[in-house]
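# Residue-level structure breakdown
Okay, here's what each chain looks like letter by letter:
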Amino acid sequence: MRKTILVSTKKHNYPIIIDFNLFDKPLSLPFLKKGDSVMIVTNKIIFSLYFKKISNQLNNVGIKVNYVIIPDGEKYKTLITVNIIFTALIKNSHNRDTTLIALGGGVIGDITGFAASSYQRGVKFIQIPTTLLSQVDSSVGGKTAVNHILGKNMIGSFYQPNIVIINLSCLYTLSKREFSAGLAEVIKYSILFDEKFFSWLENNVNKLFNLDKKTLIYCISKCCKLKSQIIHEDEFEKNKRALLNLGHTYGHAIESEIGYGKWLHGEAISAGIVIASLTSKKLNFINNKDIIRIINLLKKCNLPIKGPINMNTEQYFKHIYRDKKTYKNKIHIILPIKIGKAIIYKNISEKIITNAINENKNII
Ligand code: NAD
Ligand code: GLY
């Protein structure tokens, strides 16, 4: 069943290994050798579930394992937490030849990647994503970041991992709410690039929720393939990679405004995708039939289709103007023009955005 997908950029090539039970067998890490040390970054929950199996596998081949536990949750995706990792690395005498391992969801992956990119000006880095969201999106492509109180993912770097190890068995311990949040990013890929995949999702959501093995491996490999193609073409988001931010301009505004962690990232992106679709409708791109299909699929995945009830347009705009895609005060936004195709729309008017946010408040 194992799938291997290669990510190749101008300077980096690395595999994404996807399978079940990957912690029960020796991990294939050709860039590590006997006597090397690694630092595993994780949180309490994931430590208790998976740390022992992984450290045993590494110890068996002579690798020395240290670990650092960081607090769990989006509100801890900060520079303060990055510093906890640095302290652990320095205290345990980790040099430039060390390797950081992110064992956890997207929060752990983003923080650890950022620490790896700056510790002693850059050390090796392994992604072991344990949530659906991190398996289909955040562990691939090298975006690392922490939040600032004034804005989401404001401090970060592009820093590719040396390998991504996706153990699908981790999904069996994930809560249904977190699983749904991951589906928001899955649906995002299908709206952006692949109408057939969207239809497949419409027909297979129940099997995904039931963690059917074949369905999971198909879905997650499909997302990783789509993402690796984009990264190959545009690693540093000069152009096409920006498409992957569908729903994120509105979604990040929601997360930053209401307080990190109140809504899950995938939930904010779900509402953001609906508002982006309504924005596209205001410009006469996407038709109503497609919007209804998008809303229905998100609903089927138990995802929100509306932004927070009390969030007003001024609150959205405050964050939209800080968005990383906003350029010279001109708002750029990703718009689906039909299911399977999207564009980067540059310099959109405030009026269109206001109308879309207001229409979103009234949908059912
Ligand atoms: P998360 O990392 O907060 O994990 C969700 C929760 O699930 C946490 O409480 C975690 O402890 C728990 N958990 C993780 N794996 C588990 C498992 N197997 N079993 C039981 N519990 C488990 O959230 P997330 O949704 O994985 O990631 C969201 C983050 O990813 C956001 O900060 C977002 O900005 C970021 N992100 C980054 C990129 C990127 O390209 N770098 C892309 C998308 C999202
Ligand atoms: N999640 C968006 C990106 O990786 O570009």
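Residues numbered from 1 in each chain as written. Chains lettered and ligands numbered in written order. Predicted model: local features only at pLDDT ≥ 70, side-chain atom pairs only at ≥ 80, totals over all residues. Heavy atoms only, no water.

## What about the pattern of salt bridges?
Under the counting rule described, the total for this entry stands at 18 salt bridges. Lysine 227 is paired through a salt bridge with aspartate 137; the nearest N and O atoms lie 2.6 Å apart. Of this pair, lysine 227 sits in helix H7 (residues 213–233) while aspartate 137 sits in helix H4 (residues 132–138), and the two are 90 residues apart along the sequence. Classification of aspartate 137 by relative accessible area gives buried; the value is 8%. Overlapping salt bridges, with partners in common, bring together Asp137, Glu185, Lys188 and Lys227 in one network. (Salt bridge = Lys/Arg side-chain N within 4 Å of Asp/Glu carboxyl O. Helix = DSSP H or I, 4+ residues; strand = E, 2+ residues; numbered from the N terminus. Buried < 20%, exposed > 50% of the residue type's maximum accessible area, 1.4 Å probe, protein only.)

## Focus: the pairing of strand E8 (residues 151–158)
Within a regular strand, side chains alternate between the sheet's two faces. Where strand E7 (residues 143–148) and E8 come together, five bridges link them in antiparallel fashion. What sits directly across from valine 146, in E8, is isoleucine 155. The turn linking E7 back onto E8 is made up of two residues. (Pairing = 2+ DSSP bridges.)

## Remarks on the nonpolar core
Residues Phe179 and Ile220 are the most contacted members of the largest nonpolar core, which totals 79 residues. For this core, the element with the highest residue contribution is H7, accounting for nine residues. Residues within four places of phenylalanine 179 in sequence aside, it is in contact with Leu132, Leu171, Leu174, Leu208, Phe209, Leu211 and Leu216. Listed in part, the 22 residues of the second largest apolar core include Leu22, Phe23, Ile46 and Cys170. (Core = buried A, V, L, I, M, F, W, Y, C linked by side-chain atoms within 4.5 Å. Contact = heavy atoms within 4.5 Å.)

## What about the site of ligand 1?
Ligand 1 sits among 27 residues. The nearest are Glu74, Gly106, Thr130, Thr131 and Thr173. For ligand 1, an oxygen atom lies 2.9 Å from a polar atom in the side chain of asparagine 43. Relative to its free-state accessible area of 870 Å², ligand 1 is covered by the protein chains to the extent of 90%. For the shell around ligand 1, the elements supplying multiple residues, two or more each, are helix H1 (44–60), helix H3 (106–118), H4, E8 and helix H5 (176–193). Ranked by the residues each element gives to the shell around ligand 1, the list is headed by H1, at four residues. Of the residues in the shell around ligand 1, the class split is eight nonpolar, nine polar and ten charged. (Near = heavy atom within 4 Å. Polar contact = N/O pair within 3.5 Å; in protein donor to acceptor, adjacent residues only side chain to side chain. Areas by Shrake-Rupley, 256 points an atom, 1.4 Å probe, with all protein chains shown as cover. Nonpolar A, V, L, I, M, F, W, Y, C, P; charged D, E, K, R; others polar.)

## Quick look at the sheet that holds strand E6 (residues 124–129)
Taken together, the seven strands give an open sheet; going across it, the order is E1-E2-E9-E6-E5-E3-E4, and neighbouring strands pair in mixed fashion. Only two strands of the sheet have a single neighbouring strand rather than two, namely strand E1 (3–8) and strand E4 (64–69). Ignoring which end each strand starts from, the neighbouring axes of this sheet average 20 degrees apart. (Axes fitted to C-alpha atoms, helices over the stretch in contact; angles between N-to-C directions.)

## Remarks on H1
Compared with an ideal rise of 1.5 Å per residue, which puts 17 residues at 24 Å, H1 spans 24 Å between its outermost C-alpha atoms and is within 8% of the ideal. If you look at H1, its biggest bend is around 55 degrees, right at tyrosine 50. When H1 is considered as a whole, its buried residues turn out to be Ile46, Tyr50, Phe51, Ile54, Ser55, Gln57 and Leu58. Here the buried face of H1 lies against strand E3 (37–42), E4, strand E5 (99–104) and E6. Here H1 starts with a cap whose side-chain oxygen sits 3.1 Å from the backbone nitrogen of isoleucine 45, and that cap is asparagine 43. Positive phi shows up at glycine 62, right after H1, with a value of about 85 degrees. (Expected span 1.5 Å × (residues − 1). Bend = angle between axes of the 7 residues up to and from the residue.)

## Points about empty space enclosed by the protein
Tallied over the full model, the rule gives three cavities of 30 Å³ or more. The volume enclosed by the largest cavity comes to roughly 90 Å³. Along its surface, the largest cavity is lined by Leu150, Gly151, Lys152, Met154, Thr249, His252, Ala253, Ser256, His319, Arg322, Asp323 and Lys324. Those elements that place two or more of their residues in the lining of the largest cavity are E8 and helix H8 (248–258). (1 Å grid on protein atoms, 1.4 Å probe; cavity = no way out; pocket = protein on both sides within 12 Å on 5 of 7 lines; lining within 4 Å. Points joined across faces, edges and corners; volume = space filled by probe spheres on them.)

## Overview of the pairing of strand E11 (residues 341–346)
When strand E10 (residues 332–338) meets E11, the two strands line up antiparallel, connected through six bridges. Among the inter-strand pairings, proline 336 is bridged to a residue of E11, identified as alanine 342. The loop that links E10 with its antiparallel partner E11 comprises two residues; one of these, glycine 340, has a positive phi angle of about 105 degrees.

## Some points on the packing of aromatic side chains
Summed over all chains, the structure comprises 14 aromatic pairs. Ring plane angle 55 degrees and centroid distance 4.7 Å describe the contact between tryptophan 200 and tyrosine 218, whose orientation is recorded as tilted. Residue tryptophan 200 is found in helix H6 (residues 195–209), and its partner tyrosine 218 is found in helix H7; the two are separated by 18 residues along the sequence. Its relative accessible area of 36% is what places tyrosine 218 among the partly exposed residues. Ring pairing ties together the aromatic residues Phe47, Phe51 and Tyr67, which thus form one cluster. Against the face of tyrosine 189 rests lysine 188, its NZ or CZ located 5.1 Å from the ring centre. Sitting over the ring of phenylalanine 197, lysine 222 keeps its end group 5.8 Å from the ring centre. (Phe/Tyr/Trp six-rings, centres within 6.5 Å; stacked < 30°, edge-to-face > 60°. Lys NZ or Arg CZ within 6 Å of the ring centre and 35° of its normal.)

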